[in-house]
Amino acid sequence: MITMGLFIAAGCSNNANSEGTEEGPIEIEFWYGLGGKLGEGVEKTISDFNESQDEIKVVGVAQGEYEETVQKLQAAVAAKKVPAAVLLQNDPMNAFAKKGVLAPMDSFINEDSDFKKEDFVSAFYQQGTIEGKQYAIPLYGTTQVMYYRKDLFEKYGLTTDVFDSWESLAEAAKVIKDQEGVYGWEPMYGPDNLIDMALSNGAQYISEDGKTVMIDSPEWVEAWEFIRTLIHEEKTMAIHHGGQGWEYWYKTIDDVMQGNAAGYTGSSGDQGDLDFDIVSAHPQPGWKDHDPAPHAGAMVASIPALASDKEQEAAYEWITYFSSAEKTAEWSMNTGYIPVRKSAQEVEAYKEFAEKNPQSNVPLTQAQYATPPFVDPTGGKIYDALEKAADKVEIQGISASEALKEAKEEAQRALDNTLN
């Protein structure tokens with residue numbers, strides 16, 4: 001840990017935060033787009049940090065959502081009144097870093113004898129590494145895993161061998177639909193499940209030289225057509241879509257909890273909404289010829305470059321506290337999100353929790369071999385094209401070949417414009 005020392009500068013910087021005085025701690029703001037129980041959890045962690053030492057006081061500033069945080073930060077940069085630390089998703093963090101909005105943390109990391117890069121889950125830590133510099137540290141992670149009804153699996157003699165591959169899951173889904181009359185599986189609506197399946201089939205977003213979009217390759221088409229066939233032709237799987245906000249997500253969960261489906265693919269953060277007397281969890285499968293490689297992403301904390309040197313140092317102390325083994329384990333136990341450090345598994349409270357709640361280790365296990373989030377060089381237009389293609393495949397039943405060909409053409413135009 002870096003020692004903060006005694007702050008003697010009086011008054012305020014050009015930011016909204018205090019520089020601290022010899023009579024009190026330096027005060028910094030931490031912006032985050034979380035509400036409800038998650039927001040309460042952030043405030044508890046802030047309170048714990050403030051009580052743990054007397055040199056820094058963190059003030060949490062809740063934003064409406066992640067995107068609102070981005071908008072507020074853009075305005076704060078323009079006004080030259082920034083917070084000292086901010087919670088961001090991968091794409092906006094990457095864009096901000098490349099524009100010089102964020103400060104690299106390498107000098108702090110190099111001086112911090114307690115910092116162990118190798119202890120972080122690689123897929124999470126890599127998100128903050130841009131052109132060889134570290135612009136963010138992960139605070140909590142998420143990945144999509146499999147949740148299945150134990151009673152239906154037991155009734156039809158199905159074991160976790162079902163999750164050896166997507167092909168074997170499809171066979172089990174047919175058994176359940178034929179025998180029980182309910183859907184054998186419900187993928188979560190949207191492109192993310194489909195993208196995971198394609199990556200696990202050996203797919204790539206773009207070519208190695210970064211010039212060609214590859215989302216219509218055989219690896220993509222095969223994976224997406226597999227799901228389209230099961231939904232629209234064999235009808236052993238189904239999706240919910242539409243509605244307000246996260247309505248489709250909760251309808252999917254309700255189907256499984258009410259016995260209308262044998263399982264679904266959902267977020268690690270769903271665990272607080274599930275009854276594990278009824279369901280259990282398992283990592284995503286790969287394919288018979290490919291190992292699983294689903295995405296795992298993290299929410300990361302960054303430091304705006306306009307923050308003063310002392311605010312940046314204080315922000316680093318706060319961020320490393322939140323991402324410590326003990327705190328990331330505590331956050332995981334309370335929310336279902338993934339701890340960002342491998343050593344969280346050695347925290348005594350987490351070990352006891354995991355013994356009583358074995359499903360909690362499933363997302364962490366998956367994250368350790370997962371694919372880091374894709375950094376879209378077009379600023380999100382490749383993903384937008386995939387989102388449109390997913391609607392065509394999942395909702396309209398249009399062939400994956402046709403949908404992905406159109407998506408590739410749209411995405412390639414966007415990439416060409418970016419490169420030119």
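Residues numbered from 1 in each chain as written. Predicted model: local features only at pLDDT ≥ 70, side-chain atom pairs only at ≥ 80, totals over all residues. Heavy atoms only, no water.

> Help me understand the packing of helix 1 (residues 36–52) against helix 12 (residues 325–335), please; the structure alone is not making it clear to me.
For any two helices packed against each other, one specifies the crossing angle of their axes together with the interaxial distance. Relative orientation of the contacting elements helix 1 and helix 12 amounts to 155 degrees, with a least axis distance of 11 Å. The orientation of helix 1 relative to helix 12 falls into the category roughly antiparallel. Considering the relative orientation of helix 1 and helix 12, their crossing is right-handed. Two secondary-structure elements touch here, helix 1 through Leu38, Gly41, Val42, Lys44, Thr45 and Asp48 and helix 12 through Lys327, Glu330, Trp331 and Thr335. Taken together, the residues of the contact of helix 1 with helix 12 sort by class into 3 nonpolar, 3 polar and 4 charged. (Axes fitted to C-alpha atoms, helices over the stretch in contact; angles between N-to-C directions. Helix = DSSP H or I, 4+ residues; strand = E, 2+ residues; numbered from the N terminus. Parallel < 35°, antiparallel > 145°, perpendicular 65-115°, else oblique. Left-handed = near helix turned anticlockwise from the far one by under 90°. Contact = heavy atoms within 4.5 Å. Nonpolar A, V, L, I, M, F, W, Y, C, P; charged D, E, K, R; others polar.)

> Explanation requested: unusual backbone geometry in the structure shown.
Most of the time, phi is negative for any residue but glycine, and the peptide bond is trans. Residue Lys80 is not a glycine yet carries a positive backbone phi of 60 degrees. By the secondary structure assignment, Lys80 is in the loop between helix 2 (66–79) and strand 3 (85–88). Non-glycine residue Lys235 carries a positive phi angle of around 55 degrees. By the element assignment, Lys235 lies in the loop between helix 9 (218–232) and helix 10 (247–257). Given a relative accessible area of 43%, Lys235 falls into the partly exposed group. (Buried < 20%, exposed > 50% of the residue type's maximum accessible area, 1.4 Å probe, protein only.)

> Would you take a moment to explain helix 7 (residues 166–180) for this structure?
In an α-helix there are 3.6 residues to a turn, and that puts residues three or four apart on one side. Here helix 7 is 15 residues long and its end C-alpha atoms lie 20 Å apart, about the 21 Å a rise of 1.5 Å per residue gives. Buried within helix 7 we find Trp166, Ser168, Leu169, Ala170, Ala172, Ala173 and Ile176. Immediately downstream of helix 7, the backbone of Gly181 shows phi near 80 degrees, a positive value. (Expected span 1.5 Å × (residues − 1).)

> Teacher, can you tell me more about the environment of Lys405 here?
Here Lys405 is to be found in helix 16 (residues 400–419). Residues Lys405 and Met105, spaced 300 residues apart in sequence, show a C-alpha to C-alpha distance of 41 Å.

> Hey, could you run me through the nonpolar core in this one?
In a soluble, globular protein the nonpolar side chains are often hidden away together inside. If you look at the biggest cluster of nonpolar residues, it comprises 67 residues, and the most contacted ones within it are Ile28, Phe30, Trp318 and Ile319. Looking at this core, the element that brings in the most residues is helix 11 (residues 309–322), giving 7 residues. Sequence-distant contacts of Ile319, that is, excluding residues within four places in its chain, are made with Ala85, Met105, Ile137, Leu139, Ala301, Ser302 and Ile303. Ala172, Met197, Leu199 and Trp287 belong to the second largest nonpolar core, which has 50 residues in total. (Core = buried A, V, L, I, M, F, W, Y, C linked by side-chain atoms within 4.5 Å.)

> Would you mind going over the packing of aromatic side chains with me for this structure?
The description of two aromatic rings rests on the distance between their centres and on the angle between their planes. Here the structure, examined in full by the defined rule, presents 26 aromatic pairs. Consider the rings of Tyr148 and Phe153, whose centres lie 4.6 Å apart with planes at 35 degrees: the pair is tilted. Residues Phe163 and Trp185 carry aromatic rings whose centres are separated by 5.8 Å and whose planes lie at 70 degrees to one another, so their mutual orientation is edge-to-face. In this pair, Phe163 is assigned in the loop between helix 6 (150–155) and helix 7 and Trp185 in the loop between helix 7 and helix 8 (191–199), connecting sequence segments 22 residues apart. Across the pair, exposure class does not vary: Phe163 and Trp185 are buried alike. An aromatic cluster is built from Phe30, Tyr32, Phe49, Tyr140, Trp318, Tyr321, Phe322, Trp331 and Tyr337, whose rings are joined through pairwise contacts. (Phe/Tyr/Trp six-rings, centres within 6.5 Å; stacked < 30°, edge-to-face > 60°.)

Everything listed is a geometric property; what it means functionally is a separate question.
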